[in-house]
Amino acid sequence: MTDVVREGALQARLPVRELARACVGACARAAAELGALRAGRDEVPDVRVDDGAVATAFTSERHLLINGRAPVNFAPLSRFWRTADGWVRTHANYPHHRERLLKVMGPADSLEAAFAERSALEVEEAVYAAGGLAVALRTPEEWAAHEQAAELAKRPLVERERLDSAPARVLTPVDGAPLLPAAGLRVLDLTRVIAGPVATRTLALLGADVLRIDPPRLPELPDQHADTGFGKRSATLDLTADRDTFEELLATADVVVTGYRPGALDRFGLSPGALAERRPGVVVAQLSAWGAYGPWSGRRGFDSLVQVATGIAAVEGSMERPGALPAQALDHGTGYLLAAEVLRAVREQSYDGGSRCVRLALARTAQWLMTGVPAGPVGEVGYDGPDAWLAETGSGIGRLRYARSPVSFTGGPVDWARPPGVWGADPARWA
């Protein structure tokens, strides 16, 4: 693997650059290995990890321009609030989360006073009970003593499970330029926000037919879709009313990626076991904020909130003035790891068979960042900004400036085959 280490990229107190490099490198390596297998090559293509490309991609939502307009990444009520004994961070980008927050805390114009009257833990529990999102600022030591942290510590960064003894996957040969290791794979994308869509955006880059499915009554934020919709098609589908259509999609899907709370999709028959029973040989990739176990397993969460709960915000700032990572690195890093694990599972299926399930959690990635990422080499090349790794294209939603993918190997793709279109405008069928 070739490393280009750039001093100044993703600077932080914690080893964010090293985490980002490791996640992207793992994905590129998995792609190169699967590509070599499918092309019948003895040698795996060389992988290149450039800190500039990685830093730009990990902040892709900040570099996006739509017809020259910068996106809105955080709504006004998604922020830190001072409480009677500390701080909480809220997430209210989606309208329904904003409504639930205001239902608990009162009118928007009096929120400062409302937060100041209550303890951080009281706010955390009250907003969660109403279906909203607010997390109290904790030190790393306070998080380590939490039952959810203890559950996370028992498990590996990536959980892998073989679900059955389905026959070995038959991989058709691929060749030509660029080398597309995921060509022919059909990926059902049931994810939202950043981490899951980053994973499926990467699989699309590598040749997969990715179809994102969203509920028709829960629209995605347009700017978010523009950033993470590259290479995919986007459709809406009511999993209850349009069940037959969904089952037709599932019948020939190779990969199902889910990013909702653990268990939230089980009532639709989308647990790993149920999926493998109906579609033997499927790869199920699951992503969650807090993990599929422990007292917080059913809670909603986002990167910014996980940073606050796990002590990252205290390390990057202080308990008096909380900080943040230079990127939503938990989201992006976990997304690249999830894509890597899908590629690895497909390769293993080619000689060992079996339906597979892989699981990752933002909070487990946070624990790795806090305790387990080794320091990388000293930077030798400066990072002067993102310009070298940005591109422009026309699309159905306007002229886009965007960050190129950092996943790079010799002979591999350098850009997506298609830009994002209008959210939900594609038919719910495979290409």
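Figured I'd write up the structure that's included with this text. In this text the structure is predicted, and so the values were computed from the model without any measurement.

**Observations concerning the overall build of the chain**
Secondary structure summary: the chain contains 16 helices and 18 strands in total. A compact globule built from 431 residues should have a C-alpha radius of gyration of about 22 Å, and the chain, at 21 Å, falls within 12% of that. Expressed as lengths along the three principal axes of its C-alpha atoms, the size of the chain is roughly 65 × 55 × 45 Å. Considering the chain as a whole, with its 431 residues, one finds that 57% of them fall into the buried category. Counting contacts in the chain only where the partners sit at least 6 residues apart, residues at least 24 apart contribute 76% of the total. Within the structure as shown, the chain displays about 17,000 Å² of accessible surface, and the carbon and sulfur contribution to it stands at 51%.

**Some details on the sheet that holds strand 7 (residues 134-136)**
Strand order across the open sheet formed by three strands is 5-6-7, with antiparallel pairing between neighbours. Lying at the two open borders of the sheet, with one neighbouring strand each, are strand 5 (80-82) and strand 7. Shown here is a sheet whose adjacent strand axes are inclined to one another by a mean of 30°, direction ignored. In the sheet, strand 6 (residues 87-90) pairs with strand 7 via three bridges, with the strands oriented antiparallel. Looking at strand 7, one finds that Val 88 is bridged to Ala 136. Here helix 6 (residues 120-129) sits on the sheet and contacts strand 6 and strand 7; the angle it forms with strand 7, its principal contact strand, is near 155°.

**Overview of helix 9 (residues 195-205)**
Buried residues dominate helix 9, accounting for eleven of its eleven residues. Taken together, the buried positions of helix 9 are Ala 195, Gly 196, Pro 197, Val 198, Ala 199, Thr 200, Arg 201, Thr 202, Leu 203, Ala 204 and Leu 205.

**Details of the side chain of Arg 192**
With respect to the helices, strands and loops of the structure, Arg 192 is situated in the loop between strand 9 (186-190) and helix 9. In terms of polar contacts, Arg 192 uses its side chain to reach the backbone carbonyl oxygen of Leu 218, at 3.0 Å. Excluding its chain neighbours within four sequence positions, the residues that come into contact with Arg 192 are Tyr 94, Pro 197, Arg 212, Asp 214, Pro 215, Leu 218, Pro 219, Glu 220 and Tyr 260.

**Concerning the sheet that holds strand 3 (residues 47-50)**
Taken together, the three strands give an open sheet; going across it, the order is 1-3-18, and neighbouring strands pair in mixed fashion. The sheet is open, and its two edges are formed by strand 1 (2-4) and strand 18 (408-409), each paired on a single side. As paired elements, strand 1 and strand 3 share three bridges and run parallel to each other. Within strand 3, the residue paired with Asp 3 across the bridge is Val 49. Running over the sheet, helix 2 (residues 51-58) touches strand 1 and strand 3 and is turned about 65° from strand 3.

**Some points on the side chain of Asp 209**
For Asp 209, the position within the fold is in strand 10 (residues 209-214). At a separation of 3.1 Å, a polar atom in the side chain of Asp 209 contacts the main-chain amide nitrogen of Ala 431.

**A word on the environment of Gly 231**
The residue Gly 231 is located in the loop between helix 10 (222-228) and strand 11 (233-236) in this model. Residue class for Gly 231 comes out buried when judged on its relative accessible area of 15%. The spacing of Gly 231 and Leu 121 is 110 residues in sequence and 42 Å in space, taken between C-alpha atoms. Setting aside residues up to four positions removed in sequence, Gly 231 forms contacts with Ala 204, Trp 416 and Arg 418.

**Overview of the pattern of salt bridges**
This model, assessed by the stated rule, comprises 35 salt bridges. When the shortest N-O distance is used, the salt bridge between Arg 359 and Glu 161 registers 3.3 Å. Here the residue Arg 359 occupies a position in strand 14 (residues 356-361), and Glu 161 occupies one in strand 8 (residues 159-162), the gap between them amounting to 198 residues. Here Asp 254 and Arg 169 are joined by a salt bridge, their closest N and O atoms 2.9 Å apart. In this pair, Asp 254 is assigned in the loop between helix 11 (243-251) and strand 12 (255-258) and Arg 169 in the loop between strand 8 and strand 9, connecting sequence segments 85 residues apart. Of the residues examined, Asp 254 reaches a relative accessible area of 11% and is grouped as buried.

What counts as what
Residues numbered from 1 in each chain as written. Predicted model: local features only at pLDDT ≥ 70, side-chain atom pairs only at ≥ 80, totals over all residues. Heavy atoms only, no water. Helix = DSSP H or I, 4+ residues; strand = E, 2+ residues; numbered from the N terminus. Rg over C-alpha atoms; globule rule 2.2 N^0.38 Å. Buried < 20%, exposed > 50% of the residue type's maximum accessible area, 1.4 Å probe, protein only. Contact = heavy atoms within 4.5 Å. Areas by Shrake-Rupley, 256 points an atom, 1.4 Å probe, with all protein chains shown as cover. Pairing = 2+ DSSP bridges. Axes fitted to C-alpha atoms, helices over the stretch in contact; angles between N-to-C directions. Polar contact = N/O pair within 3.5 Å; in protein donor to acceptor, adjacent residues only side chain to side chain. Salt bridge = Lys/Arg side-chain N within 4 Å of Asp/Glu carboxyl O.

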